Amino acid sequence: MQTILKNTEDPSSIREASRILKEGGLVAFPTETVYGLGGNALDPSASARIYAAKGRPSDNPLIVHIAETSALEELAEEIPEKAHQLAEAFWPGPLTIILYKKKIVPDATTGGLSTVAIRMPSHPAALALIRESGVYIAAPSANKSGRPSPTTAQHVKEDLDGRIDMILDGGPVGIGIESTIVDLTEEVPMILRPGFITREMLSAVIGPVELDPTLAGITESENAPLCPTGNGAASPAGPQDLQHPKAPGMRYTHYAPKGELTIVSDRTTPERVTPAVKKCLQHLIREALDQGMITGIMTTGENAADYDIFKDDPHFRLILLGDTDNGQTVASHLYRALRECDDRGCERIYSENFRRDAFGSAIMNRMVKAAGHRIIYC
Ligand code: TXA
Ligand code: MG
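What you see is a predicted model; the values in this text were computed from it and never measured.

Basis of the calculations
Residues numbered from 1 in each chain as written. Chains lettered and ligands numbered in written order. Predicted model: local features only at pLDDT ≥ 70, side-chain atom pairs only at ≥ 80, totals over all residues. Heavy atoms only, no water. Helix = DSSP H or I, 4+ residues; strand = E, 2+ residues; numbered from the N terminus. Near = heavy atom within 4 Å. Polar contact = N/O pair within 3.5 Å; in protein donor to acceptor, adjacent residues only side chain to side chain. Areas by Shrake-Rupley, 256 points an atom, 1.4 Å probe, with all protein chains shown as cover. Nonpolar A, V, L, I, M, F, W, Y, C, P; charged D, E, K, R; others polar. Buried < 20%, exposed > 50% of the residue type's maximum accessible area, 1.4 Å probe, protein only. Phe/Tyr/Trp six-rings, centres within 6.5 Å; stacked < 30°, edge-to-face > 60°. Lys NZ or Arg CZ within 6 Å of the ring centre and 35° of its normal. Salt bridge = Lys/Arg side-chain N within 4 Å of Asp/Glu carboxyl O. Pairing = 2+ DSSP bridges. Axes fitted to C-alpha atoms, helices over the stretch in contact; angles between N-to-C directions. Contact = heavy atoms within 4.5 Å. pLDDT = per-residue confidence, 0-100. Arc of directions from axis to C-beta.

## Here's the deal with unusual backbone geometry
Now for step 1: Going from Trp91 to Pro92, the amide bond is cis rather than trans, its omega being -5°.
Now for step 2: Position of Pro92 relative to the elements: it lies in the loop between α4 (81–90) and β6 (95–101).
Now for step 3: For Glu78, which is not a glycine, the phi torsion comes out positive at approximately 45°.
Now for step 4: Tracing the backbone shows Glu78 in the loop between β5 (76–77) and α4.
Now for step 5: Positive phi, normally seen in glycine, also occurs at His373, with a value near 70°.
Now for step 6: With respect to the helices and strands, the residue His373 is situated in the loop between α12 (359–370) and β17 (375–377).

Here it is, written out as structure tokens:
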């Protein structure tokens, strides 16, 4: 299959993409979070094609993207007042709401669940596509399953060229990590996936909001080794692997770069990259380079100079992520940086920890998953 690539500034692009969607084809398109791989959400064969193109297990449900709040009534049953309040406050935007589904939504789209995930994206190209095509668009992130989510059209092309009908290029996305998912079928609304819309922001609108208990432990592992370990040993699988998160997609290993990624954090001051963290990282990098490993460090512009001591080693790779104090810049570079680790042949990757306040916890959630829960504490 030949994949058409068009820029969203090309006036014919949305029209052509809409035609493809109406005919049951697949179009990757930009959203404010990450690029999505879209198909007609009410057409089971389009959903089946999405799973096949991504190589995704078909029990992992898709998010249905809408452009008008009135679509809620068409897709969902028993819509609580809180859904309307959240829609009013955060849509269009990076929030996905889980509700009981109506029959019109096929099991192929919801992975057989009785609930459906719904979101109204704010990216103008995404809204234009939903409106012009007249279809509700089922769209997971437009990466091959297991790869980091795409934040540029080029990333989509790397993963899905020849497997889908069209890619709409709208430039790099703004936020860089996937939407917050909140489940309104629980007695107390529950966050199943953290994102740009934080628990505090949700609570301010609808009162108490819980976190899926499997997320609470995601950044901590009691058995994590201390630095320096001498052999860079990884902590054993974290608590998330022992319990079942409610969003099926949170169960799978995600975003893992090919090289072994380990995060170093200060147990007493996890919100900062302390001198102890830097010392530990320098120790681990030296050790890996001495073993002849191609070794990357994920760090920010402010801290990059701390690794200048390695810059003449041909096996050393500096992977930059944005500014330490600006979570938004770290998020928007995160998936690009994980892909860069692969592109530059990293066999070992070490990363500084990032802030865990509010949006920071969503970033660390993705980082810790990418690292397969390998955290070293100092
Ligand atoms: O920002 C986003 O949400 C992006 C853009 C393209 O909109 N989409 C996205 O889709 O991240 P995906 O498929 O990569 O992740 C969807 C997540 C998965 O973890 C899936 O298990 C969960 O949402 N999910 C979908 N429907 C669900 C449901 N009915 N109940 C629980 N979890 C659900
Ligand atoms: Mg995804």
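## Quick word on the site of ligand 1
Now for step 1: Close to ligand 1 lie 27 residues; Thr33, Asn60, His65, Ser179 and Gly249 are nearest.
Now for step 2: Between ligand 1 and the protein, one listed contact pairs an oxygen atom with a side-chain N or O atom of Ser141 at 3.0 Å.
Now for step 3: Starting from 680 Å² of accessible surface for ligand 1 in isolation, the protein chains cover 97%.
Now for step 4: For the shell around ligand 1, the leading source of residues is strand β7 (residues 115–119), giving 4 residues.
Now for step 5: Of the residues contributing to the shell around ligand 1, the split by class is 15 nonpolar, 8 polar and 4 charged.

## What to know about the environment of Ala128
Now for step 1: You can see Ala128 is positioned in helix α6 (residues 124–133).
Now for step 2: Assessed through its relative accessible area of 30%, Ala128 is described here as partly exposed.
Now for step 3: Taking the C-alpha atoms as reference, Ala128 lies 8.3 Å from Ala67; in sequence the two are 61 residues apart.

## Thoughts on the packing of aromatic side chains
Aromatic ring pairs are reported here in terms of the distance separating the ring centres and the angle at which the planes meet.
Now for step 1: The tally for this structure, following the rule as stated, stands at 2 aromatic pairs.
Now for step 2: Centre to centre, the rings of Phe196 and Phe359 are 5.2 Å apart; their planes meet at 80°, and the pair counts as edge-to-face. Here Phe196, found in the loop between β11 (190–193) and α8 (199–206), pairs with Phe359, found in helix α12; they are 163 residues apart in sequence, far enough to count as distant.
Now for step 3: Centroid distance Phe310 to Phe316: 5.4 Å. Interplanar angle 40°. Geometry classified as tilted.
Now for step 4: Residue Phe310 is classed as buried on the basis of its relative accessible area, which comes to 3%.
Now for step 5: Residue Phe316 is classed as buried on the basis of its relative accessible area, which comes to 10%.
Now for step 6: Above the face of the Tyr377 ring, Arg267 is positioned so that its terminal group lies 4.1 Å from the ring centre.

## Brief notes about the pattern of salt bridges
Two side chains bearing opposite charge may form a pair once their charged atoms approach each other closely.
Now for step 1: Applying the stated rule across the entire model yields 20 salt bridges.
Now for step 2: Measuring nitrogen to oxygen at the nearest pair gives 2.8 Å for the salt bridge that ties Glu32 to Arg119. In this pair, Glu32 sits in the loop between β2 (27–29) and β3 (36–40) while Arg119 sits in strand β7, placing the two residues 87 residues apart along the sequence.
Now for step 3: We note a salt bridge from Arg339 to Glu158, for which the minimum N-O separation is 3.1 Å. Taken together, the residues span a long stretch of sequence, with Arg339 in helix α11 (residues 327–343) and Glu158 in helix α7 (residues 153–160) at a distance of 181 residues.
Now for step 4: Residue classification places Arg339 among the buried residues on the basis of a relative accessible area of 1%.
Now for step 5: What emerges from the salt-bridge pattern is a single network uniting Arg147, Glu158, Asp159, Arg339 and Asp342.

## Some thoughts on the sheet that holds strand β15 (residues 316–320)
Now for step 1: Taken together, 5 strands build an open sheet; the order of strands is β15-β14-β16-β13-β17 and the sheet is parallel. Whereas interior strands pair on both sides, the edge strands pair on one side only; in this sheet they are β15 and β17. With direction set aside, neighbouring strand axes in the sheet form an average angle of 25°.
Now for step 2: The pairing of strand β13 (residues 260–265) with β17 spans 3 bridges and is classified as parallel. In the sheet register, Ile263 faces β17, and the bridge partner there is Ile375.
Now for step 3: Running at roughly 175° to strand β16 (residues 348–352), helix α10 (residues 275–290) makes contact with β13, β14 (295–299), β15, β16 and β17 of the sheet.

## Concerning the pairing of β13
Now for step 1: Within β13, 5 of the 6 residues are buried, which leaves it mostly tucked inside the rest of the structure.
Now for step 2: Where β13 and β16 come together, 5 bridges link them in parallel fashion. Bridge pairing in β16 places Ile263 opposite Ser351.

## Overview of the side chain of Asn143
Now for step 1: The topology assignment puts Asn143 in the loop between β8 (137–138) and α7.
Now for step 2: Residues in contact with Asn143, not counting those within four places in the same chain, are Lys54, Pro148, Ser149, Pro150, Asp159, Leu160 and Arg339.

## Observations regarding the confidence of the model for the protein chain
Now for step 1: Chain-level pLDDT for the protein chain is 91 on average; 92% of the residues reach the 70-or-more range.
Now for step 2: For residues 229–242, every residue scores under 50 in pLDDT, and the model assigns this stretch 31 contacts once sequence neighbours within four places are set aside.

## Quick look at helix α1 (residues 12–22)
Now for step 1: By the burial criterion, the buried members of α1 are Ser13, Ile14, Glu16, Ala17, Ser18, Ile20 and Leu21.
Now for step 2: Residues of α1 that are buried sit in contact with β1 (4–7), β2, β3, α6, β8 and β9 (166–169).
Now for step 3: Directly beyond the C-terminal end of α1, a positive phi value near 95° is found at Gly24.

## What about α7?
Now for step 1: All of the buried residues along α7 are Ala153, His155, Val156, Asp159 and Leu160. Viewed end-on, α7 has its buried residues packed into an arc of 155°, placing them on one side of the element.
Now for step 2: Tucked into the core, α7 has its buried residues touching β2, β3, α2 (44–54), β9 and α11.
Now for step 3: Two residues or fewer past α7, Gly162 is found with a positive phi of approximately 85°.

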